[in-house]
Amino acid sequence: MCRIGAVKSKKRMHPSIALKLMQSQQEGHDDSGFAFVMQDLGGIFENYKELPLLSMAATVEGTRLAEDILREIGFSRVMQWSPEINNQKGLKIEAMPNYIFEVLQYPRSFKHATKQEKEELLIDTAIKIRKTLEEAKAGYIYSFWPDVLTLKEIGSPKDIGIYFNLWEGNADLTAGIITAQCRQNTNYDIVRYAAHPFFLEGYTGLANGENTFFEKNRDYQQKLYKGYIGFESDSQCLLYTLHYIRKILKWPLKYFKHTITPLSYDEITTRKDREILLRIKASLANLEINGPNTFLAVTPEKELLCVCDSKKLRPVVIGKNKDTVIMTSEVAGLNDIMPERDADIYPNERETIIVKDDLTIERWLQ
Amino acid sequence: MASINVNELQKSDLPWIIEYDESKCIQCGKCTAACSFNAISPCVEFRKSNSINSPDRKFEKVLVIKQNISLDNYCRGCGMCSNVCPNGAIKAVRNKDDKYSVAYRAQKADSFKKGGRSNLNTEGRTLDKIKIGRISQMTDPSLDAQRHTFELRTPFGRVLKADKLNFDTCGEVLYETTSLPPVSWIYPIIFGDMSIGAVSWRMWEAVAIATAYLNEVMGIPVRMCTGEGGIPTKLLKSRYAKYMILQIASGHFGWNRILKAMPDMTEDPAGIIIKIGQGAKPGDGGLLQASKVARYVQEIRGVPKADLLSPPTHQGLYSIEESVQKMFLSMNAAFNFKVPVAVKVAASVTSVSVYNNLLRDPYNIVGGFFLDGLAAGTGAAHEISLNHTGHPITSKLRDCYLTAVKQGRQGEIPLFAGGGLGQTGSFAADAFKLICLGANGVFTGSMLLETAGCVGSDTGKCNACNTGLCPAGIAAQNDNLVKRLDVDKVAQNIVNYILATDIELKKLMAPIGCSSLPIGRSDALITVDKHISNRLDIQYAC
Ligand code: SF4
Ligand code: SF4
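Keep in mind that what you see is a predicted model, and the values were worked out from it rather than measured. (Residues numbered from 1 in each chain as written. Chains lettered and ligands numbered in written order. Predicted model: local features only at pLDDT ≥ 70, side-chain atom pairs only at ≥ 80, totals over all residues. Heavy atoms only, no water.)

Caption draft 1: Representation of the overall build of chain B in the model. When helices and strands are tallied, chain B shows 16 helices and 23 strands. For 542 residues, the compact-globule formula gives about 24 Å, and the C-alpha radius of gyration of chain B, at 26 Å, lands near that figure. Expressed as a percentage of the 542 residues in chain B, the buried residues total 55%. Intrachain contacts of chain B at a sequence separation of at least 6 include 76% that bridge at least 24 residues. Counting every atom, chain B has about 23100 Å² of accessible surface; 52% of that belongs to carbon and sulfur. The positive charge centre, built from 60 side chains, and the negative charge centre, built from 49, are 4 Å apart in chain B. (Helix = DSSP H or I, 4+ residues; strand = E, 2+ residues; numbered from the N terminus. Rg over C-alpha atoms; globule rule 2.2 N^0.38 Å. Buried < 20%, exposed > 50% of the residue type's maximum accessible area, 1.4 Å probe, protein only. Contact = heavy atoms within 4.5 Å. Areas by Shrake-Rupley, 256 points an atom, 1.4 Å probe, with all protein chains shown as cover. Lys, Arg positive; Asp, Glu negative; His and termini not counted. Charge placed at Lys NZ, Arg CZ, Asp CG, Glu CD.)

The following block contains the structure:
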């Protein structure tokens, strides 16, 4: 099992909070990696919110290949940040030669482009870089999107923290939303792309689960949208479904739960909205999930979301105080970093929990 | 010297030889009465009664049971005679050296016809070489077949891609803006299409009763397909019509009455199946021999007593586009586009192209694809078709599913597979494996016959369904034989069998961690056969 967490706060936070959140849950993961996504950035990225930020780990060759692609398309570098590396002896980490966090300006021809055109350019570029890096075995691109920074690494979360100097707070690197995972990747190879959280066009997703409908989901999603690639983890499917419901179909968020864990036919037929729900159950049958899962997500509206499988086979708890909400696998994590808080929420199998941008928590019953 | 006519039919040419023990026989006559094929007769033997060494020649007459040596009245090995004999004095024994089929053709200059299924069995059973090998443990725990809830329902009807549903939003709520093709949610087992005529009215009624009971009392939404032979008008006008899928085939038998009854129907039927082909004898039309066209069959079908042949093709339909436009559209229109219209074809090398064409039909009016494999049974066929034409179901079903996957269209036209399921005694396992390979559900006729007491086998036992002399009263139309079948008992057996199958399906869903049907979950399957692994794209294990 992996351990996951999502923190959203009115105050900007440093990723050390994610490390601490995960530390007390370490019995539940295997020390095989640590990854986080920061959104709604502060610190040195505060003034570049509209511009795409590239998060990448690559060899020297990979870095050059990516830079070539970006230059060719017409992107120009605005700002670059490199983590301060502490390469002390004995750390359990499989570090890459370069970690690139780079803010870019859109090509000149995109000066009057619509938001949609810009987004299209970003996804196409990200796919191109990913393909090139994969072919050259020269690195990994994790996100290429405004106001989003991603880091993933293989090794012990504690040592990864030391290596990137993440244990100490630092006002330069902060965000309003941080999602993180310590992982135990029992099913698949330990590869960086398999580490949660996953990011696609404004949507971030991470899961503690085993999606037994992975093959069904993957077979269907592969043909749904060009951005649905990789499938190194069965949890990516959940993110892609969220993206499909919201960004492609433009359906209200509540239909995400109806898609991944549809109600039984008998339950649906007692409801007023049965026509719609039965259509969704049939048309999106291939996006249903099965098996134990807790899924956390961040939407472009800067909301947090939490849903569970239809039998609630995986743990999750949500804690809140006046300026922060935390969703995480075990209450031990909450106790550690937020000892003083309101009553915790343990969502049930039919709920969707939404944390609005102003931190109000909504509990929607499916 | 006695003359031997080697060109006449001999007892040793027959497929079954009767072994009769005169010392046990009490001459009750039950065996001859029980034999519907008139394959045995009482007769008198003239025997020397005193010692063979005695010079006196004394004779006696002894009443014995003798096997008839005839191309028409010959023993089918059905076993009814031994079933009724109080002393076990008679039994039929398989003749390994039988020459019957040669003799039949040599003497009748006609192709040999039979019922049941192919008896060649050259293919072996792919499904038996597949196991459910991905068992959830630890990280994704197995479910508990007894404690957890499972949903065994599949859509039946044309399913549109989500972006074609044309939903609109009003606030946070979706609503429909266009009328969409009808889709119902049914149990993944459909009772196969056996017509009134092919089976006796008692058998047909038993299946209909079981269907209604399963739906109304047990809450298991199975559907029954009428077969090409119509449906009793009373049933059609009743509320039970909603469980019945009406079939139309190239002979259009029974549709005169259906059309007349339509204005008085109180419920829409569960669906329509347009039968194009049949797995047991693809490329061949339907065949109901005159001996089975009983009076009520004539009435329901509106035909005289004669051999009833459905042409191999629907007259006037020459292309898929044309079929879709003419026949499917009119069937859809007949019930106001409120009833799913499906098609049944024989598995064939060309099935994938047919499926593809239907997937691409812009009118979205085909709501199900029934694929019938070569191990399927039939009421009557030329033996040559039964034994030598057709295509196994498993790879063809898989091909159809994968061609849909390739286009991102899996599930749009639900796939139903049939033909010889449960042949080796594990109907639920066969159904489950086909579902994992991509079927939405399965259909079966032979399982129903088995539960009703059919004595036939895949190795030449009985298979006389074409004769109207079915010893179990299943495929018979003769009143005395039909009475052998206890309608209530058969209905009860079918219900019980489905209840058992339901438990067994859950017993297979639970360990792979699925609470809904694992349609297309081929990752759950393994095979110990390398060729099968390659062909079906499932994991090889050894
Ligand atoms: S086995 Fe059947 S067909 Fe043969 S003699 Fe006995 S009853 Fe007749
Ligand atoms: S018992 Fe009846 S249904 Fe079964 S094989 Fe014999 S004739 Fe056919």
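Caption draft 2: Molecular detail of the overall build of chain A. A tally of regular secondary structure across chain A gives ten helices and 16 strands. Computed over C-alpha atoms, the radius of gyration of chain A comes to 20 Å, within 12% of the 21 Å expected from 2.2 N^0.38 for 366 residues, which places it in the range of a compact globule. In terms of overall dimensions, chain A has a C-alpha envelope of 60 × 45 × 40 Å along the principal axes. Relative to its 366 residues, chain A shows a buried fraction of 63%. Residue pairs in contact within chain A that sit at least 24 positions apart in sequence constitute 73% of those at least 6 positions apart. With the model as given, the accessible surface of chain A reaches about 13900 Å², and the carbon-plus-sulfur share is 46%. Each charge class in chain A can be summarised by its mean position, and for the 48 positive and 50 negative side chains these summaries are 3 Å apart.

Caption draft 3: Quick look at the environment of Phe-416 of chain B. Tracing the backbone through its elements, the reader meets Phe-416 of chain B in strand S20 (residues 415-418). In this view, Phe-416 of chain B contacts Thr-154, Pro-155, Phe-156, Ile-186, Ile-190, Phe-369, Phe-370, Leu-371, Asn-440, Gly-441, Val-442 and Phe-443 of chain B; residues no more than four positions away in its chain are not counted.

Caption draft 4: Layout of the interface of chain B and chain A. Taken together, the contact pairs 47 residues of chain B with 41 residues of chain A. Of the roughly 3400 Å² buried between chain B and chain A on both sides combined, carbon and sulfur atoms contribute 56%. Among the salt bridges present, the one from Glu-176 of chain B reaches Arg-279 of chain A, with a minimum N-O distance of 3.5 Å. Among the elements of the structure, strand S9 (173-175), strand S10 (183-186) and helix H11 (393-406) of chain B are those that each provide at least two residues to the side of chain B that touches chain A. The residue inventory of the side of chain B that touches chain A, partitioned by class, reads 22 nonpolar, 14 polar and eleven charged. (Buried area = accessible area lost by both parts, 1.4 Å probe. Salt bridge = Lys/Arg side-chain N within 4 Å of Asp/Glu carboxyl O. Nonpolar A, V, L, I, M, F, W, Y, C, P; charged D, E, K, R; others polar.)

Caption draft 5: Spotlight on the nonpolar core. Core analysis: the biggest nonpolar cluster contains 106 residues, and Phe-191, Met-203, Trp-204, Ile-272, Phe-369, Ile-474 and Ile-498 of chain B have the highest contact counts within it. Ranked by residue count, the leading element in this core is helix H15 (residues 487-509) of chain B, at eight residues. Contacts of Ile-498 of chain B, omitting those with residues within four sequence positions, involve Tyr-187, Ile-189, Phe-191, Leu-214, Ile-220, Val-222 and Met-447 of chain B. One finds Leu-21, Phe-36, Leu-41 and Cys-182 of chain A within the second-largest nonpolar core, a separate group that totals 63 residues. (Core = buried A, V, L, I, M, F, W, Y, C linked by side-chain atoms within 4.5 Å.)

Caption draft 6: Up close: the state of the cysteines. Throughout the structure, instances matching the rule amount to zero disulfides over all chains. Here Cys-31 of chain B is not cross-linked by a disulfide; its sulfur's nearest cysteine counterpart is in Cys-28 of chain B, at 6.4 Å. (Disulfide = S-S within 2.5 Å.)

Caption draft 7: Expanded view of a nonpolar patch on the surface. On the surface, Tyr-213, Val-217 and Met-218 of chain B cluster together into a nonpolar patch covering about 270 Å² of accessible area. One can find Tyr-213 of chain B in helix H4 (residues 201-216). (Patch = residues over 30% accessible without salt bridge, like charges linked within 9 Å, V, L, I, M, F, W, Y side chains within 5 Å.)

Caption draft 8: Structural detail: the site of ligand 2. Residues in close proximity to ligand 2 include Cys-454, Val-455, Gly-456, Cys-462, Asn-463, Ala-464, Cys-465, Cys-470 and Pro-471 of chain B, which together make up its full environment. The residue inventory of the shell around ligand 2, partitioned by class, reads seven nonpolar, two polar and no charged. (Near = heavy atom within 4 Å.)

Caption draft 9: Looking closely at unusual backbone geometry. The step from His-196 of chain A to Pro-197 of chain A runs through a cis peptide bond, and the omega angle for that step is -5°. Secondary-structure assignment places Pro-197 of chain A in the loop between strand S8 (175-182) and strand S9 (198-200). We note that Gln-27 of chain B has phi near 60°; this positive angle belongs to a residue other than glycine. As for its placement among the helices and strands, Gln-27 of chain B is situated in the loop between strand S1 (16-20) and helix H1 (30-34).

Caption draft 10: Representation of the packing of aromatic side chains within the structure. Counted under the stated rule, the structure contains 28 aromatic pairs over all chains. Summarising the aromatic geometry, the rings of Tyr-228 of chain A and Tyr-240 of chain A are spaced 4.8 Å apart at their centres and angled 20° between planes, so their arrangement reads as stacked. With a gap of twelve residues between them, Tyr-228 of chain A in the loop between helix H5 (214-221) and helix H6 (236-248) and Tyr-240 of chain A in helix H6 connect regions that are remote in the sequence. Looking at Tyr-228 of chain A, the relative accessible area reads 2%, which means it is buried. Clustering of aromatic rings is evident, with ring pairs tying together Tyr-225, Tyr-228, Phe-231 and Tyr-240 of chain A. Over the ring of Trp-185 of chain B we find Lys-281 of chain A; its NZ or CZ atom is 5.3 Å from the centre of that ring. (Phe/Tyr/Trp six-rings, centres within 6.5 Å; stacked < 30°, edge-to-face > 60°. Lys NZ or Arg CZ within 6 Å of the ring centre and 35° of its normal.)

Caption draft 11: Summary view of the sheet that holds strand S10 (residues 203-209) of chain A. Residue and element names in this part refer to chain A. Taken in spatial order, the six strands of this open sheet run S9-S10-S11-S12-S15-S16, and their pairing is antiparallel. Strands at the two margins of the open sheet, each flanked by one partner only, are S9 and strand S16 (361-365). Neighbour to neighbour, the strand axes of the sheet diverge by 20° on average, direction disregarded. The pairing of strand S15 (residues 351-355) with S16 spans five bridges and is classified as antiparallel. Directly across from Glu-351, in S16, lies its bridge partner Leu-365. Packing against the sheet, H6 makes contact with S9, S10 and strand S11 (293-298), and its axis sits at approximately 140° to S10. (Pairing = 2+ DSSP bridges. Axes fitted to C-alpha atoms, helices over the stretch in contact; angles between N-to-C directions.)

Caption draft 12: Layout of the domain arrangement of chain B. Residue and element names in this part refer to chain B. Here chain B is described as being made up of domain 1 (11-110) and domain 2 (128-540). Relative placement of domain 1 and domain 2: their C-alpha centres are 42 Å apart. With eleven residues of domain 1 at the contact, the number on the domain 2 side is 13 residues. In total, domain 1 and domain 2 occlude about 990 Å² of area from one another, counting both sides; carbon and sulfur atoms represent 53% of this. Interface area lost by domain 1 to domain 2 is led by Ser-36, Phe-37 and Arg-76, which between them contribute 42%. At the surface where domain 1 touches domain 2, the tally comes to one salt bridge. (Domains from an automatic or database assignment.)

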